[in-house]
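A closer look at the structure
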Amino acid sequence: IADPMAGDLFFAEKSKCAFRNGERIRCSDTSDLGYSFGCGGGRISPNRATVLSRFIAAAAKQEFWISLFGSAAICAVYVADGRRDWFYAQGASVWDYAPSALLLQEAGCVVTNLAGKPWTLKDTSLVAANPVLHKKVLAVANG
């Protein structure tokens, strides 16, 4: 995955770690949702509005941050590199998610669909974070 604005190239190979410009990367170890900084897509559609409304409701109880870059791949590299703590996306295509899922997994993230099942090429949603935070993000996303 290339981020030409930052001059970064991210790559991963199954069971061989994840890298940014040749340097190994790891996801964050943030475990408290209240101190986390998430990342998601930018378009709000009827499908996504339901889940996003759950994040807004959760923020009324516990503050957290979220960036919306409008690119699943850029969100994924920020989470894989530890610059963001979690990633939620829904409605993209396999070509958006497949490279991201591999990079996130190799950086130490748990990567599932919205139902909490391991992400597959047939899924149209993706949730990723370190093992502790992933459970909390998934709980919010599913209400």
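First, a word on what this report is: a plain description of the structure on this page. Bear in mind the structure is a predicted one, so any value in this text is a computation, not a measurement.

Criteria and cut-off values
Residues numbered from 1 in each chain as written. Predicted model: local features only at pLDDT ≥ 70, side-chain atom pairs only at ≥ 80, totals over all residues. Heavy atoms only, no water. Helix = DSSP H or I, 4+ residues; strand = E, 2+ residues; numbered from the N terminus. Buried < 20%, exposed > 50% of the residue type's maximum accessible area, 1.4 Å probe, protein only. Phe/Tyr/Trp six-rings, centres within 6.5 Å; stacked < 30°, edge-to-face > 60°. Lys NZ or Arg CZ within 6 Å of the ring centre and 35° of its normal. Axes fitted to C-alpha atoms, helices over the stretch in contact; angles between N-to-C directions. Parallel < 35°, antiparallel > 145°, perpendicular 65-115°, else oblique. Contact = heavy atoms within 4.5 Å. Nonpolar A, V, L, I, M, F, W, Y, C, P; charged D, E, K, R; others polar.

**Topic: unusual backbone geometry**
Trans is the prevailing form of peptide bonds, just as negative phi is the prevailing case for residues other than glycine. Backbone geometry places serine 15, a non-glycine residue, at a positive phi of 65°. Inspection of the secondary structure puts serine 15 in the loop between strand E2 (8–12) and strand E3 (18–20). Phi is positive for cysteine 17, close to 80°, though the residue is something other than glycine. In this fold, cysteine 17 is placed in the loop between E2 and E3. Residue class for cysteine 17 comes out partly exposed when judged on its relative accessible area of 22%.

**Section: the packing of aromatic side chains**
For the structure on display, the rule yields 2 aromatic pairs. The aromatic ring of tyrosine 78 is capped on one face by arginine 83, whose charged end is 4.3 Å from the ring centroid. Over the ring of phenylalanine 37 we find arginine 84; its NZ or CZ atom is 3.9 Å from the centre of that ring.

**Brief notes about the packing of helix H2 (residues 72–80) against helix H3 (residues 94–106)**
Viewed as axis vectors pointing N to C, H2 and H3 meet at an angle of 0°, and their least axial separation amounts to 9 Å. With respect to each other, H2 and H3 are oriented roughly parallel. Side by side, H2 and H3 meet where Ala72, Ala73, Ala76, Val77, Val79 and Ala80 of the first sit next to Asp96, Tyr97, Ser100, Leu103 and Leu104 of the second. Its residues placed into classes, the contact of H2 with H3 shows 9 nonpolar, 1 polar and 1 charged.

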